[in-house]
Each structure stands twice: as C-alpha cells, then as structure tokens.
Amino acid sequence: MRPKTSIFAQLGRPAAAAEEVTLPHDALFSEERSAANPGKTAYFPSAAYEYSKTFNVPESYRTKRVAVEFQGAHRDAMVYVNDAFAGQRPFGYSAFTVPLDDHLRYGEENTITVEVRAHDDSRWYAGAGLYREATLIVTELIRIGLDGPRITTPDIDADRAMVEIAVPVDHRGLSAETVSVRTELLDPAGLVVAGTSAPITVRAGTTGVARHRLLVPEPQLWNVDTPHLYSAVVRLEQDGTVLDERRNSVGIRRLQLDPVYGLRINGVSTKLRGACIHHDNGLLGAAAVARAEERKIELLKAAGFNAIRSSHNPASSALLDACDRIGMLVMDEAFDIWTESKSNFDYSLAFPEWWERDIEAFVTKNRNHPSVIFYSIGNEIPETGHPLGSEWGRRLAEKIRELDDTRFITNGVNGFVSTLKTLLPMMQQRGASGGDGGVNDAMGNAGDMLNRVNTSTTVTERTAESFALLDAAGMNYGDARYEMDCELFPDRVIIGTETFPPHIDVNWALVRKHANVLGDFTWTGWDYLGEVGIGRNQFLDEPSAFEAPFPWLTAWCGDLDLTGYRRPASYYREIVFGLRTEPYIAVVDPAAVGREARPGQWAWSESIASWDWAVDPGTAMRVEVYSDAEEVELLLNDRSLGTRPAGQDHRFRAVFDLPYESGSIEAYAIRGGQRAERFALRSSVGGVRLAVTADRDVIRDDADDLAYLDIELRDSAGTLVTDADRTVTVTVDGAALAAVGSARPDNLERFDQGAHSTYRGRAQAIIRPTGPGPVAVTVGAEGLESRELRLSVK
C-alpha cells in the first residue's frame, strides 16, 4: 500500500515507497491530523491510496473461473489487473466481485491494484482503504452462484420446521451439463438432521436454480437468549467429484409484526433495547477485523443491549456473523444519502446510477443472517418530506421486497430534516445570531423546538407518504410523536431509530406503555471517531460550538468508550431497562462542579465511577446515584449523608453535594424502608502498580483474530487510580502490536507508536498474530515495575 499519485506527477518525482500491510486495513488512520481539516472526520485529511498484490496464476487456472471479492473498499474504488481497468465501486460499504479471467496471464505473475480515496464524502470518520476482507475466488466453470445459496425458514412450529434452500447453479462452459446438488443440514452439535440431493441440468451460459425443502424435527430456535445455529452444507457434484461447496449458518426463527403485539420473535413479544453504532473499531480505525467486530457485539450485549442499528451504512459480514453467534438483533442500514448531498463529494453523486446494484449487494449480504430483522433504507433523508422523494423511498423498499420479503423495512426519518427547507430561513437567522446554523447544532441545542416541529401538522402531512411505504415507521428524535401517532395512525408500528441518551427513562416508559412502539436505539452505544465532541459538556464560561476544537478525536456520546469500557450512562440505561437492581455511583469531575453547562442533547454529566481525586480535602463534590429503588442512601466513610428519592418518579437519579474526603463512599438502595443492594467506591491508598489483563490467553493464527490487553493503574488494594495518569510503553515479541491507545476523547497522541498515556487510569493494547507460537508482551511505565504477559497463537 502507498499513497496514490498520478502517472504525470511521477514524471517529476518517483512514487512513494510501498508499505506491506495486512487486510483488513485503514490507510487513512495512519495520517497526521490537523486543525486545518474538518472536525466531522476527526481532523483527518483527504487522501488517496493504492493497494497492490502480485501473485502467481498457475496454468491450471486457464480452465477455471477466477474473481476477487471485496467486502468493502472505501471509497470510489478503481480496480486494475495487470495495468488494465477491471472494475469499480463508488459506494465504500458494498461488497462487490471483479471477474479476473479476461485479464490474467497464466503461468506468470499477475498484479491486482486497487485505488481508493477519501475527500469530504462523509459526515463522520469513514477511513479509507481495503478496510474489510478481500478474497480470491477460484472455481470450476460450473459452480454455485456467488450470491447463493439463499436459505429461508418459512414454516415453523414447536415440533418441526421447514428449511428452504435455493441454490443458483451458474454455468459458463461450452455445452449443457447435468450436476447434482446435495445439501446436508447439521444441528448446533454438528449432527446431520436433514439432507437431500437432486440433479439439475444447466445450459451453457445460463444459471439454473435447484430448490430443496428440508424437514427439521424438534427445531432449536434462534433468538437473542439462545442463538442456536444450524449449518447448511451445499455441494455441487458430478461423477462423484465435488465441484463446489458452500457452508452457511442457519438460524430457524419466525418474525411477526403488528400494532397489537409489536415485534414477535418465535411468538414472543420483544422490545428492542437498541444501540446505534458507527463502523469504526476504535484504536484500529475503520478496519473491520473480525475479532474487533465480535468483541464489540459481546460488550454491547453485556451492557444490556439486544439490538444494534448499523448507522448509517451496511454492516460488515464479520459483524453480522458475530451477531448471529452471540444473539444480537440487527437493523442494517443502507444509506445516509439518496439524491441530496450532505457532504460535497458524497454518495449522492453516484446514488441515481448505483443504488439498485448497491441494494442488491446489501440484501445478498444480509439475507442468510438470522440476526438481521430490519432493513433501513436511509437515515435523515431530506427527500422524505417531498412527494417525489417518497417515490425514491418506494423504489428502494420495493426492490428490497423483491429480493427478500422475509424481513421488515424501516427508514430513520427525522421530521425536522424532512421539513428542513421550510425551516431553513429560521435556521439561517439563528446562524447569523451566533449558532453555526447546522442541523445537528439546531437539534443539539433546541430539544423543545425539535419536539414542536416533529408534532406539527407540517411534519405529519409531509412524512405521511414516506412512513406509509414502510413496515415500521423509524423516527429519529421523534419520541414526541409516539402517543399522538397511536391515535392518528392506529395501525402504525413505530421504532425510535435514534434518540438522545439522557432521554432513555422517558423514552423507555413510552416503549413499555405502547405495544406498537417497538424499542429505542440510542445515539450511540459505542463512542466513535469523528463528529468530534457532540456529546461533551459545554459550559457557559467558554465559547460555544457544535463540534469540539482540535485535537478532539471522538464524538464522546457512547455508552461505551472508544476502548469498550462502560461509562456511567451505560449503567443508568441498564437500570432503566430493568436489568440491574444494584445502585451505581457516578462522581462529577470536581473541575466541572459549580460550572453552569449548556443543555447538550447528547451529553451526559461529566462523571466517572471514582472516588480517587487529586484535590484538597473539603473540595466541593457532586455525586450522582442511579437506582430503581424509591430511595437511596449515601455514606461517606461509614457516615450516613441521608437519603434522597430515586426510582422512575425521580428519573432513576439522586444527587448529593458533599465535601471531598479521602476514603470510601457507599450507596444503598432503600426498598420498603430497608437497606437493600449496595455499591461502593474507594480512594486509592498509594503504591501505584501496573495491572495488565488479556481478553484471551490463546488466539488463532489468523489475521482476523486479535488479543485485547487492558492496561490499568491500580493501588495495592486493587483500586483503579484515576487521577495520576502517565505514559505506558508496550513491546511485543512473537506477534504484531496493532495499536496502543486510550479512550481520551480529545487525544493528541497516535495509536501506532508503542507508547501512550493512560486516561482515567486506563489504556489498551491490541495484539495481532503473525504466526503460531508463544507471544511475550511487556508493559512498562516510568517509576513502575514492568509487567510481562504471555499469550499463545495456535
């Protein structure tokens, strides 16, 4: 991989030296950030790159079919084989396949080159590069179609299920061929429970479809709590020889949707505890390494979520595989833009010509994943408030139904955005008086105004057609409509497709009250790169701006931070969901106590779960206690500071103001007048040491696997030391150090230097295997004893 320069530019100077990289890879993430670049993309620059791979093509491939599949190449990818154009894809999130047969030189070395670029084409950090998997595909002339098989489970009851498998057989030989398509279905334990075989004759240059219906006795159904997966093994055989083989996971589950019972999975009404997530993987940038995707889903589920929305682009196959295995429902989203641009050089320039091919790739990727239950055709699309814009929505929805009618269709409609052109003069006037006039700025600082707009007759009328073409009305920041739409549109099913984090208690009460309101998707479940600082607290004694200044890196509005560590909002949400009975203590940073803040809609209090502060005794402190109990009691060094009301009637929160005193604070849930569940924090007692733990001791010899190391500063009693940050260094023998970094949102440090400062006592290192064998990791910090950790790659 190297920066892309034109052939004319190379006349004056040679091209940059190439760097060997391992895919998936985000090239942009290694660039220097600068205040001269946009904050929406985390102050990274525009850039263009070329990837090249030289490989030998044996003479035997002359009678084969050869192609390369890219799961994603961001963005405006151009593919060349032996210096000749072979294919392209403008959209950076679509999987696409490039046939190589016409370009190959058999018995020689061949070179594939892929150009990608990023330039003002996204509202968040999208990265640039071959950031998802790339695969060389070599098959016979007759094969299972690359878009197959398609697997559905249309008929399910308690004692049996029917699994239907449609197998496209693609033939590019010179004469008709008869082959056999054989299918075996294996249960989660690997035992064959059903199978069949049938011949199919396919003429040269055509594609035929073989269909199998398999009876599965006593099926183990897939759902969030028990994500049972069967395996379908499909083989193409001729004269006893296996010509092609595919293996797909199969989740047997039934979906139903109506305004009386809401969403039912296998007959059970299910509320969606949802998280919107962007596609980056924190310290790895946009690289969709399979283990990073899997870990993301594991941690989100552990935090109480049961659904994700892939905002605002199609999720990677690796992420969907993880959702299938772990049990996480998915709303996969197609586009952030249709025909009206949101950035100067975004996908709107290609949408009219490419949308149908991208929808085909989108559905083909999703349709065998049991975790995917909703297709979202867009996010905050301005055209949804215009009759001809609604026609675009209908085209998208009907194309999806043509390809897959087994899932439901929604769209993240923001009534404010849908009527923005009507409201634009008001927004421009506001911009002239001090705001930046942007949509997010208006939304972030005017919650009441947003509610008034969303409940207006204008929005009701303008969005009626766009909502009517959907199976479920997705509403971004439209919770003010929930109750009124139950009366205006009694058959309308609603999803809170994007909501403000501090409103979860109000929103969740509405979700529980109304059967036709399916759930809530917070913005966001995981902190992300770009849209810098939209979730920060802004104080009246400092200048106001929607985006934070350089060197801010992240949005800082995730329940989980950039490294996957849970922030206070995550525990609050868990209590609101009814999943946690223990109280939780969040302590406001003393530097923020007493400062008046502007009401930011994505902001949480400036708090962490720590009673370890380098401040003088008596410093004013504020403690928030989250609980579903009717009251909570707070103790400081075993002295009761009294009780405060909490629970739903008081937004699950009690606030205590007290002077700082080193030692411990404890919170008790008071139920029926008696102390019940307890939560405590303690100050550190000196003797700081390094603590290093790995998520796994053994990892696979596979570039898609990783080991995550949590590096923490702890005292002799094991308390996290949160107010004495320092630089840690990491060296690795036997593997590659993929990244070292922290969750600090205004981070100026890089993640590829082998050293990084802790943030609130924590840092993270990521190890990527380079071959089998032992791995030794050494973590050090000035003045502290080093720690060595041993891993194994197998």
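A quick note: this is a predicted structure, and the numbers were derived from the prediction, not measured.

Caption draft 1: Here's a closer look at the packing of aromatic side chains. Taken as a whole and judged by the stated rule, the model has 33 aromatic pairs. A ring pair is formed by Tyr 93 and Tyr 131, whose centres lie 6.3 Å apart and whose planes are at 90°; its orientation type is edge-to-face. Here Tyr 131 lies in the loop between strand E7 (108-118) and strand E8 (134-139) and Tyr 93 lies in the loop between strand E5 (84-89) and strand E6 (96-99), a separation of 38 residues in the sequence. Members of the aromatic cluster, each reached through a chain of ring pairs, are Phe 91, Tyr 93, Tyr 131, Phe 335, Tyr 347, Phe 351, Trp 355 and Trp 392. Over the ring of Tyr 708 we find Arg 295, and its NZ or CZ is 4.0 Å from the ring centre. The residue whose ring lies beneath Arg 653 is Tyr 572, and the NZ or CZ to ring-centre distance is 5.0 Å.

Caption draft 2: Summary view of the environment of Arg 595. By secondary structure assignment, the location of Arg 595 is in the loop between strand E29 (584-588) and strand E30 (597-598). Note on Arg 595: relative accessible area 32%, which makes it partly exposed. The spacing of Arg 595 and Arg 644 is 49 residues in sequence and 23 Å in space, taken between C-alpha atoms. Leave out the neighbours within four places in its chain, and Arg 595 touches Phe 539, Asp 541 and Glu 542. A polar contact of 2.7 Å, which involves the side chain of Arg 595, links it to the side chain of Asp 541.

Caption draft 3: A nonpolar patch on the surface, seen in detail. A cluster of nonpolar residues, Ile 7, Phe 8 and Leu 11, forms a patch on the protein surface that exposes about 430 Å² of accessible area. For Ile 7, the location among the structural elements is in the loop between strand E1 (2-3) and helix H1 (9-12). Its relative accessible area of 62% is what places Ile 7 among the exposed residues.

Caption draft 4: Region of the structure containing the nonpolar core. Judged by nonpolar contacts, the single largest core of 140 residues is most densely connected at Leu 300, Ile 359, Ile 585, Trp 611 and Val 623. The biggest single contributor to this core is helix H4 (residues 351-366), with six residues. Non-local contacts of Ile 359, meaning those with residues more than four positions away in its chain, are made with Ala 334, Phe 335, Leu 396, Lys 399, Ile 400 and Leu 403.

Caption draft 5: A look at helix H5 (residues 387-403). Over its 17 residues, H5 extends 25 Å from the first C-alpha to the last, a length consistent with the 24 Å expected when each residue adds 1.5 Å. Taken as a whole, H5 has its buried residues at Gly 389, Ser 390, Trp 392, Gly 393, Leu 396, Ala 397, Lys 399, Ile 400 and Leu 403. Where the residues of H5 are buried, they touch strand E10 (150-156), H4, strand E23 (372-379), strand E24 (408-413) and helix H10 (457-468).

Caption draft 6: Structural detail: the pattern of salt bridges. Going through the model one piece at a time under the given rule, you end up with 69 salt bridges. A cluster of three or more residues bridged by salt bridges with shared partners is formed by Arg 291, Glu 294, Glu 298, Arg 325, Asp 695, Arg 696, Arg 700, Asp 702 and Asp 705.

Caption draft 7: Up close: the pairing of strand E33 (residues 631-636). Counting buried positions over the six residues of E33 gives five, a clear majority of the element. Relative to strand E34 (residues 639-645), E33 is paired through five bridges, and the arrangement is antiparallel. Residue pairing for E34: Glu 633 is matched across the bridge by Thr 643. Here E33 folds back onto E34, and the loop between the two strands holds two residues, one of which, Asn 637, carries a positive phi near 50°. Relative to strand E36 (residues 664-671), E33 is paired through six bridges, and the arrangement is antiparallel. Considered in E36, the bridge of Glu 633 is made with Tyr 668.

Caption draft 8: Inspection of the side chain of Arg 264 at higher detail. Residue position: Arg 264 is located in strand E18 (residues 262-265). Within polar-contact distance, the side chain of Arg 264 engages the side chain of Asp 258 at 3.1 Å. Not counting chain neighbours up to four residues away, the residues in contact with Arg 264 comprise Arg 254, Leu 255, Gln 256, Asp 258 and Ser 269.

Caption draft 9: Spotlight on the sheet that holds E24. Around the barrel, eight strands lie side by side as E20-E21-E22-E23-E24-E25-E26-E27; this closed barrel has parallel pairing. Along the sheet, successive strands turn relative to each other by an average axial angle of 25°, direction set aside. Both E23 and E24 contribute to a ladder of four bridges, which runs parallel. The partner of Tyr 375 across the bridge, within E24, is Ile 409. Lying over the sheet, H5 contacts E23 and E24, oriented at roughly 155° with respect to E23.

Here is what the cut-offs are and how they apply
- Residues numbered from 1 in each chain as written.
- Predicted model: local features only at pLDDT ≥ 70, side-chain atom pairs only at ≥ 80, totals over all residues.
- Heavy atoms only, no water.
- Phe/Tyr/Trp six-rings, centres within 6.5 Å; stacked < 30°, edge-to-face > 60°.
- Helix = DSSP H or I, 4+ residues; strand = E, 2+ residues; numbered from the N terminus.
- Lys NZ or Arg CZ within 6 Å of the ring centre and 35° of its normal.
- Buried < 20%, exposed > 50% of the residue type's maximum accessible area, 1.4 Å probe, protein only.
- Contact = heavy atoms within 4.5 Å.
- Polar contact = N/O pair within 3.5 Å; in protein donor to acceptor, adjacent residues only side chain to side chain.
- Patch = residues over 30% accessible without salt bridge, like charges linked within 9 Å, V, L, I, M, F, W, Y side chains within 5 Å.
- Areas by Shrake-Rupley, 256 points an atom, 1.4 Å probe, with all protein chains shown as cover.
- Salt bridge = Lys/Arg side-chain N within 4 Å of Asp/Glu carboxyl O.
- Core = buried A, V, L, I, M, F, W, Y, C linked by side-chain atoms within 4.5 Å.
- Expected span 1.5 Å × (residues − 1).
- Pairing = 2+ DSSP bridges.
- Axes fitted to C-alpha atoms, helices over the stretch in contact; angles between N-to-C directions.

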